[in-house]
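# Observations on the model geometry
Residue strings, one per chain:
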Number of protein chains: 2
Amino acid sequence: MAFQQDIQIGVLGGGQLGRMLLQAAIDFNLELHMLDPDPQAPCHQLASRFTPGALTDYETVLAWGQPFDVITIEIENVNVDALRELERQGKKIYPQPDVIALIQDKRTQKQFYQERGIPTAPFILTENRQEVSEHLHFLPAMHKLGREGYDGRGVQKIGGKADLHKAFDKPGLLEKLIDFEKEIAIIVARSSTGEVKAFPAVEMVFHPEHNLVEYLFAPASLQQHISRKAEEIALKVAQELNIIGLLAVEMFVTHQGDVLVNEVAPRPHNSGHQTIEANYSSQYEQHLRAILGLPLGDTACKLPSAMVNLLGEAGHSGPARYAGLEQVLELSGVHIHLYGKKITKPFRKMGHVTIVDSSPERLREKARFVKDTLKVIA
Amino acid sequence: MAFQQDIQIGVLGGGQLGRMLLQAAIDFNLELHMLDPDPQAPCHQLASRFTPGALTDYETVLAWGQPFDVITIEIENVNVDALRELERQGKKIYPQPDVIALIQDKRTQKQFYQERGIPTAPFILTENRQEVSEHLHFLPAMHKLGREGYDGRGVQKIGGKADLHKAFDKPGLLEKLIDFEKEIAIIVARSSTGEVKAFPAVEMVFHPEHNLVEYLFAPASLQQHISRKAEEIALKVAQELNIIGLLAVEMFVTHQGDVLVNEVAPRPHNSGHQTIEANYSSQYEQHLRAILGLPLGDTACKLPSAMVNLLGEAGHSGPARYAGLEQVLELSGVHIHLYGKKITKPFRKMGHVTIVDSSPERLREKARFVKDTLKVIA
């Protein structure tokens, strides 16, 4: 496909991922049109056209999608039937509606891994809380809602019988608790031309309570054979899904050196923010290249990096202020990304900070300093 | 000054430099309001507010400037009297009106260097063409218009008597032709807090005919003592001007190892584009930090880089197309910046390409390939 500047591109979702996608699109002089239910979403002032509306409503998505040549997503909780109809009308929907549908439900996602021989933690499908209680032998496990889990919601640890009340009373799955050594993610890009490239693995550090990524190091420090295995698995998932666009593959590395797929996201991902500063091509540029059939960019790291999510401070709700910003800006190699959300709430993703540094030790120190110093308060 | 997200910032000019400044402002969640005479200027869709209007008109600038706390520029050909009045009203004008006024006229600029002991090529002020003809002994020389020269306009080489008809018949200066080994530039940032930092020197390669930068390498390959001398001179110019904001200092390095200031620009500069991909902080982020009194960023290079300007192809005028873009995107480490100008004209700056690569040899090869391959045509 020859590069057309006037191609009309629609994006479902106008959050921070869409905002960084917009930033990448400026350099290609591409206009992105976004749909998002929140009229104050991070893209609302920056999108070439911003439409407030429900992503999950068939008629809304179908009507909104009419003017576009290519439609993509920055969140997977969208109306797939409308996308199927838009695809039938001849529009390019990347990632494809069938891929989004499969990934939207963690149950079909897990079954897909099982069918395709992709290593993943053992699991049992459950229809309701009662069924969970019938599998005490399988505990400790994570109970995951099939649909609409996101950012730590829809996941509960069921350690034993005493935790059964926490189980969801809706279709879900019990997943064997993995005593993992590391959690990593690899973002794969697959172009409409069939070209495929993987970014180097990144290593996630989770907040002990809130089940949100607290900070992230890239590239992950892995033995070479583990790193190779993880990349092969991530590429295999993308190939088996036949996805066009980005696929973020989250994986566990066990103490035995096994690599198990946890879950995937068919879009730019929190674990790829640092590619803006730290890699030859960012995940956002890569996503645009992939869905437009342009050659994929070099995914290598320029330098090691760390990424700290800026979450709304507990106990603070209201217009956001950023305490400690100046101290953080004094550090070398720090880059601040604020998402333009006017209102902070506890644990809301308000921005992130990327740090690049040739020394992994300094990176860890700086990440810790940023986390301890920069607070989003009201 | 504590970081205020709701600070109102006005920018005189809405061209490509303003566009990249806007891109940097997004990450700080800062809104920029631009004034530019061209209703289709590169910022017209991206600015938080875009006002079409003459930058050189007193009343226009004065009225436009009323809502802002801080006003900056992305082009120096602006009405300084209006800025002085806005400053008198209590607004922060960075760079300061007196600095802009001094730099607007190459004659006062040169006199300033002379008075402050800043090395620069010997020169003679001339009022008209007749006066140029009275200085045949001083030739070969460059004749420069005092005011309104920009991007290669307002400069003529006067090799000898036969070239006298090319001299400007307006106030200007004759500058001794410097048989330089290299032309370099150093961008200095000076914050409202007084903090000062210099980016590493970059080396410019000019198009033999059009007197526009053709490509650029960073960091410049200079002997250490030359590099140190150049940085000292650039910092001295910024300090003597007392400027707040960015100052791009273009310098000649002679075969004898002298470093002479050619001219300066009080704003982000074409010679700093590559800092977006290749340095820890970009010149655009640095400018924002400087005018907002935030700590200045680390100016060091992450990797060596080259920057190729994308100029409108000779013989092509009309809606722009970008031939060869896909081939260029196949190269590793290439980042395209299109400026969003719909219409191309011969030698119009339509975009640029940054290349980062750890090998200076590959950088030169890739820069050459980009220059030979990517053409802006109509």
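Structure's up top.
Residues numbered from 1 in each chain as written. Chains lettered and ligands numbered in written order. Predicted model: local features only at pLDDT ≥ 70, side-chain atom pairs only at ≥ 80, totals over all residues. Heavy atoms only, no water.

### Looking at the overall build of chain A
The helix and strand tally for chain A stands at 11 helices and 22 strands. Relative to its length of 378 residues, chain A is compact, with a C-alpha radius of gyration of 20 Å against a globular reference of 21 Å. Taking the principal axes of the C-alpha coordinates as reference, chain A spans close to 60 × 55 × 45 Å. Across chain A, contacts joining residues at least 24 apart in sequence account for 62% of those joining residues at least 6 apart. Only carbon and sulfur atoms are counted for the fraction: they give 48% of the accessible area of chain A, which is about 14300 Å². (Helix = DSSP H or I, 4+ residues; strand = E, 2+ residues; numbered from the N terminus. Rg over C-alpha atoms; globule rule 2.2 N^0.38 Å. Contact = heavy atoms within 4.5 Å. Areas by Shrake-Rupley, 256 points an atom, 1.4 Å probe, with all protein chains shown as cover.)

### Considering the packing of aromatic side chains
All names here are of chain A. If you walk through the whole model with that rule in mind, you get 8 aromatic pairs over all chains. Judged by centre distance (4.8 Å) and plane angle (55°), the ring pair of tryptophan 64 and phenylalanine 68 falls under tilted. Over the ring of phenylalanine 138 we find lysine 176; its NZ or CZ atom is 4.7 Å from the centre of that ring. (Phe/Tyr/Trp six-rings, centres within 6.5 Å; stacked < 30°, edge-to-face > 60°. Lys NZ or Arg CZ within 6 Å of the ring centre and 35° of its normal.)

### So, the relation of the copies chain A and chain B
The operation relating chain A to chain B is a screw motion whose rotation component is 180°, with 0.0 Å of axial translation and a residual RMSD of 0.0 Å. The superposition operator between the copies reduces to a two-fold rotation axis. (Least-squares fit on C-alpha atoms with pLDDT ≥ 70 in both.)

### Comments concerning the packing of helix 3 (residues 80-88) of chain B against helix 4 (residues 97-104) of chain B
All names here are of chain B. One can describe the packing of helix 3 onto helix 4 by two numbers: an axis separation of 9 Å at closest approach and a directional angle of 165°. When the interaxial angle is binned, helix 3 and helix 4 end up roughly antiparallel. Along this stretch, helix 3 crosses helix 4, giving a crossing that reads as left-handed. Listed contacts from helix 4 to Val80, Leu83, Arg84 and Glu87 of helix 3 are Pro97, Asp98, Ile100, Ala101 and Gln104. (Axes fitted to C-alpha atoms, helices over the stretch in contact; angles between N-to-C directions. Parallel < 35°, antiparallel > 145°, perpendicular 65-115°, else oblique. Left-handed = near helix turned anticlockwise from the far one by under 90°.)

### Some remarks on the sheet that holds strand 5 (residues 92-93) of chain B
All names here are of chain B. Strand order in the open sheet formed by 5 strands is 3-2-1-4-5, and the pairing between neighbours is parallel. Each having just a single partner strand, strand 3 (49-52) and strand 5 make up the two edges of the open sheet. With 4 bridges joining them, strand 1 (residues 9-12) and strand 2 (residues 32-36) adopt parallel strand pairing. Bridging from a neighbouring strand, valine 11 pairs with methionine 34 of strand 2. (Pairing = 2+ DSSP bridges.)

### So, the environment of phenylalanine 168 of chain B
Residue and element names in this part refer to chain B. Topologically, phenylalanine 168 is positioned in the loop between strand 8 (155-158) and strand 9 (172-176). Residues phenylalanine 168 and asparagine 77, spaced 91 residues apart in sequence, show a C-alpha to C-alpha distance of 19 Å. Look past the residues within four positions of phenylalanine 168 in its chain and what remains in contact with it is Asn128, Arg129, His143, Lys144, Leu145, Gly154, Val155 and Gln156.

### A word on the packing of helix 4 of chain B against helix 5 (residues 106-115) of chain B
All names here are of chain B. Here helix 4 crosses helix 5 at 100°, and the two axes come no closer than 5 Å. When the axis of helix 4 is compared with that of helix 5, the two are roughly perpendicular. Taking contact as the criterion, the partners of Ala101, Leu102, Ile103 and Gln104 in helix 4 are, on helix 5, Lys106, Thr108, Gln109 and Phe112.

### Some words on the nonpolar core
Ranked by size, the top nonpolar core spans 100 residues in total, and within it Ile336 and Ile355 of chain A together with Ile336 and Ile355 of chain B carry the most contacts. Among the nonpolar cores identified, the runner-up in size contains 27 residues, and Val188, Ile226, Ala234 and Met251 of chain B belong to it. (Core = buried A, V, L, I, M, F, W, Y, C linked by side-chain atoms within 4.5 Å. Buried < 20%, exposed > 50% of the residue type's maximum accessible area, 1.4 Å probe, protein only.)

### Observations regarding the interface of chain A and chain B
Facing the 38 residues of chain A at the interface are 38 residues of chain B. Note on chain A versus chain B: buried area summed over both sides is about 3600 Å², and carbon and sulfur give 51% of it. Between the two partners, chain A and chain B, sit 0 salt bridges. The tally of links between chain A and chain B comes to 20 residue pairs in polar contact (both at pLDDT 80 or more). When contributions to the side of chain A that touches chain B are tallied by element, the ones reaching two or more residues are helix 1 (16-27), helix 9 (283-291), helix 10 (325-329) and strand 19 (334-338) of chain A. The element contributing the most residues to the side of chain A that touches chain B is strand 19 of chain A, with 5 residues. Of the residues assigned to the side of chain A that touches chain B, the class counts are 19 nonpolar, 9 polar and 10 charged. (Buried area = accessible area lost by both parts, 1.4 Å probe. Salt bridge = Lys/Arg side-chain N within 4 Å of Asp/Glu carboxyl O. Polar contact = N/O pair within 3.5 Å; in protein donor to acceptor, adjacent residues only side chain to side chain. Nonpolar A, V, L, I, M, F, W, Y, C, P; charged D, E, K, R; others polar.)

### Overview of the sheet that holds strand 7 (residues 141-145) of chain B
Residues and elements named next belong to chain B. Strand order in the open sheet made by the 4 strands is 6-9-7-8, with antiparallel pairing throughout. What marks the edges here is a single partner per strand, and that holds for strand 6 (123-126) and strand 8. With strand direction ignored, the average angle separating the axes of adjacent strands in the sheet is 25°. Contacts between helix 5 and the sheet are confined to strand 6, strand 7, strand 8 and strand 9, with strand 6 contributing the most and set at about 145° to the helix.

### Overview of the pattern of salt bridges
Taken as a whole and assessed by the stated rule, the structure comprises 35 salt bridges over all chains. Across the salt bridge formed by glutamate 203 of chain A and lysine 182 of chain A, the nearest N and O atoms sit 2.8 Å from each other. Of this pair, glutamate 203 of chain A sits in strand 12 (residues 202-206) while lysine 182 of chain A sits in strand 10 (residues 180-190), and the two are 21 residues apart along the sequence. The salt bridge partner of glutamate 76 of chain B is arginine 267 of chain B, with a shortest N-O separation of 2.4 Å. Here arginine 267 of chain B lies in the loop between strand 15 (259-265) and helix 8 (275-278) and glutamate 76 of chain B lies in the loop between strand 4 (70-73) and helix 3, a separation of 191 residues in the sequence.

### Notes on helix 11 (residues 360-373) of chain A
Residues and elements named next belong to chain A. The terminal C-alpha atoms of helix 11, which comprises 14 residues, lie 20 Å apart, in line with the 20 Å expected from a rise of 1.5 Å per residue. For helix 11, the complete set of buried residues consists of Leu363, Lys366, Ala367, Val370 and Thr373. When helix 11 is viewed along its axis, its buried side chains cluster within an angular range of 145° and face the same direction. Structural note: helix 11 exposes Glu361 and Glu365 on the side pointing more than 90 degrees away from its buried face. (Expected span 1.5 Å × (residues − 1). Arc of directions from axis to C-beta.)

### So, the side chain of aspartate 105 of chain A
Residues and elements named next belong to chain A. Its location among the elements puts aspartate 105 in the loop between helix 4 (97-104) and helix 5 (106-115). The charged side chain of aspartate 105 is buried without a salt bridge, its nearest counter-charge being arginine 147 at 4.0 Å. If we skip the residues at most four places from it in the chain, aspartate 105 touches Gly146 and Arg147. (Lys, Arg positive; Asp, Glu negative; His and termini not counted.)

### Looking at helix 3 (residues 80-88) of chain A
All names here are of chain A. Every buried residue of helix 3 is accounted for by Val80, Ala82, Leu83, Glu85 and Leu86. Buried positions along helix 3 lie against strand 1 (9-12), helix 2 (58-64), strand 4 (70-73), strand 5 (92-93) and helix 4. Where helix 3 starts, the residue carrying a side-chain oxygen 3.1 Å from the main-chain nitrogen of aspartate 81 turns out to be asparagine 79.

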